[in-house]
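Summary of structural features
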Amino acid sequence: MTPTTTARALETERESLTRNYNPLPVVAVSAKGAWVTDVEGKKYLDCLAAYSAVNFGHGNKTLIRAARKQLGKLTLTSRAFYHDQLGPFAKELAALLRMDMVLPMNTGAEAVESAIKVSRAWGYRVKGVAANKAKIIVAKENFHGRTISIVSFSTDESSRKDFGPFTPGFVSVPYGDAEALEKEIDANTVAVLIEPIQGEAGIITPPKGYLKKVRALTKANNVLMIADEIQSGLGRTGATVQCNNEKVVPDMYILGKALGGGIVPVSAVVGRKEVMGVLKPGEHGSTFGGNPLAAAVGLAVVRMLAKGDMQRRSQRLGKHLKKRLEALVGKGVLAVRGAGLWAGIDIDPTLATGREVCEALMRKGVLAKDTHGSTIRLAPPLIVSKKDLDWGIDQLEAVLAELRSR
Ligand SMILES: Cc1ncc(COP(=O)(O)O)c(C=O)c1O
């Protein structure tokens with residue numbers, strides 16, 4: 001039997017790559033808008049959008065144009081010198097979020113690490129916490145990335161096992177429980193680090209008013225509130241950031257993923273001057289953070305979001321998505337959660353695992369990802385058409401019907 005092009009591509013990858021992922025067997029070669037084409041020419045509706053890094057669609061013309069223009073001019077200087085893209089990017093990004101200062105990095109995890117460093121430095125230099133006593137409160141079931149410090153406060157055993165020893169200075173409390181959080185706040189607490197919606201945990205939305213309570217508690221106790229909007233931000237939930245939907249303003253936002261327009265890794269901590277201003281030259285940095293190409297693409301993303309169309313589209317289509325998914329409850333779906341064009345769908349585990357549902361969806365031409373056993377998440381690019389979105393949900397409905405009739 002001749003191996004298919006897909007099988008050959010999978011084999012080549014498997015030979016020389018570490019096995020830290022277990023991807024679905026789709027070998028993408030090109031993509032446009034919300035559609036991905038594989039090595040065999042089959043088309044798939046992308047309902048993951050690279051975990052929201054491709055919020056504005058594959059090959060978004062405006063963003064590609066900005067990248068191409070910058071590629072021909074200047075791509076890297078390091079922060080040893082100034083360049084003409086970083087200032088405008090920082091200024092407009094801060095303005096978009098009604099904040100003062102930006103610390104540019106590359107990946108999400110780096111930006112989370114950066115926010116932790118800033119909040120600890122703020123704790124010692126401004127709040128007056130004794131040396132090395134700073135405490136940061138996080139939520140159980142969090143996902144903030146994969147570095148040693150970040151997995152130190154993960155409650156997911158598979159993220160931690162055999163990676164110790166871990167970084168001290170973190171405690172976790174149940175997500176959505178403001179009373180538990182209040183009990184943990186003491187004189188050494190410098191920050192509460194939280195996802196406004198827990199993405200990897202299964203698009204878990206906290207009880208109404210929770211984020212407001214977190215804001216009130218942190219304010220009252222001189223503690224920083226850090227919102228990790230790496231996955232929830234930049235239009236995904238129908239607002240620029242999910243905190244806007246909850247009418248909450250944290251001290252720092254952490255952004256990543258879609259900030260790079262699906263082209264380059266761009267992340268940032270964006271916050272108030274009184275907090276971000278604690279860093280002095282030489283204390284923190286990154287060779288690539290804020291590079292000209294990243295800043296040019298990031299600026300184009302910010303300008304796109306400043307118009308508000310993406311957020312409105314996500315809100316409008318999100319309502320439709322919710323309605324259609326809720327109609328599947330009782331038909332193989334146990335529960336549906338989400339905001340904007342972002343949905344977590346709990347599949348009845350007696351029918352199939354989340355992975356099996358995603359594999360069946362793949363065969364029908366839809367790319368989605370499972371999480372935590374029997375949950376699947378949908379996060380199509382925000383530019384997806386209503387017709388394509390409906391077609392994707394039809395495929396899910398068909399998969400569930402097939403599973404029910406087995
Ligand atoms: C909320 C959140 N924070 C941080 C990260 C880590 O980002 P990265 O994979 O770019 O390091 C992720 C990635 O999924 C995330 O969802």
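1. Thoughts on the domain arrangement of the protein
According to the domain assignment, the protein contains domain 1 (5-59 + 310-404) and domain 2 (74-307). Centre-to-centre separation of domain 1 and domain 2, based on C-alpha positions: 27 Å. At the junction of the two partners, domain 1 supplies 28 residues and domain 2 supplies 27 residues. Roughly 2200 Å² is buried in total at the junction of domain 1 and domain 2, and carbon and sulfur atoms are behind 56% of that figure. Across the contact surface, domain 1 and domain 2 share one salt bridge. Among the salt bridges present, the one from Arg377 reaches Glu200, with a minimum N-O distance of 2.8 Å. Counting every contact that joins domain 1 to domain 2 gives 20 residue pairs in polar contact (both at pLDDT 80 or more). Contributing elements (two or more residues each) for the side of domain 1 that touches domain 2: α2 (49-52), α13 (309-326), β11 (333-339), β12 (342-347) and β15 (375-378). Within the side of domain 1 that touches domain 2, the residues separate by chemical class into 14 nonpolar, 11 polar and three charged.

2. Looking at the packing of aromatic side chains
For the structure on display, the rule yields three aromatic pairs. Residues Tyr175 and Tyr210 carry aromatic rings whose centres are separated by 5.8 Å and whose planes lie at 70 degrees to one another, so their mutual orientation is edge-to-face. Of this pair, Tyr175 sits in the loop between β6 (170-173) and α8 (178-184) while Tyr210 is found in helix α9 (residues 210-220), placing the two residues 35 residues apart along the sequence. The pair Tyr175 / Tyr210 is uniform in exposure class, with both members buried. The ring of Phe166 has Arg160 lying over it, and the distance from NZ or CZ to the ring centre is 4.2 Å.

3. Observations regarding the site of the ligand
Around the ligand sit Thr107, Gly108, Ala109, Phe143, His144, Gly145, Glu195, Glu200, Asp228, Ile230, Gln231 and Lys257, and those are all the residues in its vicinity. A distance of 2.8 Å is found between an oxygen atom of the ligand and a backbone nitrogen or oxygen belonging to Gly108. In this structure, Asp228 approaches the ligand through a side-chain N or O atom, which is 2.7 Å from a nitrogen atom. Expressed as a share of its isolated accessible area of 390 Å², the protein-covered part of the ligand is 81%. Residues that form the shell around the ligand fall into these classes: three nonpolar, five polar and four charged.

4. As for the packing of helix α4 (residues 86-96) against helix α12 (residues 292-307)
Geometrically, a packed helix pair is captured by the angle between its two axes and the distance between the axes. At their nearest, the axes of α4 and α12 sit 9 Å apart, and the two run at 30 degrees to each other. What the angle tells us is that α4 and α12 run roughly parallel. By crossing handedness, the relation of α4 to α12 is classed as left-handed. The residues of α12 that touch α4, namely those facing Leu86, Pro88, Phe89, Glu92, Leu93 and Leu96, are Ala295, Gly298, Leu299, Val302, Arg303, Leu305 and Ala306. Residues belonging to the contact of α4 with α12 are distributed by class as follows: 10 nonpolar, one polar and two charged.

5. Topic: α9
Those residues of α9 that fall on the buried side of the exposure criterion are Tyr210, Leu211, Val214, Arg215, Leu217 and Thr218. In this structure, the buried residues of α9 make contact with α8, β7 (189-194) and β8 (224-228). Where α9 ends, the next residue or the one after it, Asn222, has phi of about 55 degrees, a positive value.

6. Notes on the sheet that holds strand β1 (residues 28-32)
Spatially, four strands are ordered β1-β2-β3-β13 in an open sheet, and the strand pairing comes out mixed. Edge positions in the sheet fall to β1 and β13 (366-367), since each of these pairs with one other strand and no more. Judged from the two bridges that link them, strand β3 (residues 43-46) and β13 form a sheet pairing that is parallel. The residue bridging Leu45 from the neighbouring strand is Val366, located in β13.

7. Description of the pattern of salt bridges
Inspection of the entire model under this criterion finds 21 salt bridges. For Arg125, the salt bridge identified is with Glu283, shortest N-O distance 2.8 Å. On the criterion of sequence distance, the pair formed by Arg125 in helix α5 (residues 108-127) and Glu283 in the loop between α11 (273-276) and α12 is long-range, its members being 158 residues apart. Overall, the relative accessible area of 43% leaves Arg125 in the partly exposed class. The exposure class assigned to Glu283 is partly exposed, which follows from its relative accessible area of 30%. The shortest N-O distance in the salt bridge between Asp370 and Lys369 comes to 3.5 Å. Judged by its relative accessible area of 24%, Lys369 falls in the partly exposed class. When salt bridges with common partners are traced through the structure, they connect Arg215, Asp251, Arg272 and Glu274 into a single cluster.

8. Let's talk about the environment of Ile263
With respect to the secondary-structure elements, Ile263 resides in the loop between β9 (252-255) and β10 (267-271). The spatial distance from the C-alpha of Ile263 to the C-alpha of Ala53 is 8.8 Å, given a sequence separation of 210 residues.

9. Notes on the pairing of β9
Here β9 shows two buried faces, one formed by Met252 and Ile254 and the other by Tyr253 and Leu255. Sheet analysis places β8 next to β9, joined by three bridges and oriented parallel. By the bridge assignment, Ala227 is partnered in β9 with Tyr253. The sheet contact formed by β9 and β10 spans four bridges and is antiparallel. Bridged to Ile254 within β10 is Val269.

Calculation criteria
- Residues numbered from 1 in each chain as written.
- Predicted model: local features only at pLDDT ≥ 70, side-chain atom pairs only at ≥ 80, totals over all residues.
- Heavy atoms only, no water.
- Domains from an automatic or database assignment.
- Contact = heavy atoms within 4.5 Å.
- Buried area = accessible area lost by both parts, 1.4 Å probe.
- Salt bridge = Lys/Arg side-chain N within 4 Å of Asp/Glu carboxyl O.
- Polar contact = N/O pair within 3.5 Å; in protein donor to acceptor, adjacent residues only side chain to side chain.
- Helix = DSSP H or I, 4+ residues; strand = E, 2+ residues; numbered from the N terminus.
- Nonpolar A, V, L, I, M, F, W, Y, C, P; charged D, E, K, R; others polar.
- Phe/Tyr/Trp six-rings, centres within 6.5 Å; stacked < 30°, edge-to-face > 60°.
- Buried < 20%, exposed > 50% of the residue type's maximum accessible area, 1.4 Å probe, protein only.
- Lys NZ or Arg CZ within 6 Å of the ring centre and 35° of its normal.
- Near = heavy atom within 4 Å.
- Areas by Shrake-Rupley, 256 points an atom, 1.4 Å probe, with all protein chains shown as cover.
- Axes fitted to C-alpha atoms, helices over the stretch in contact; angles between N-to-C directions.
- Parallel < 35°, antiparallel > 145°, perpendicular 65-115°, else oblique.
- Left-handed = near helix turned anticlockwise from the far one by under 90°.
- Pairing = 2+ DSSP bridges.

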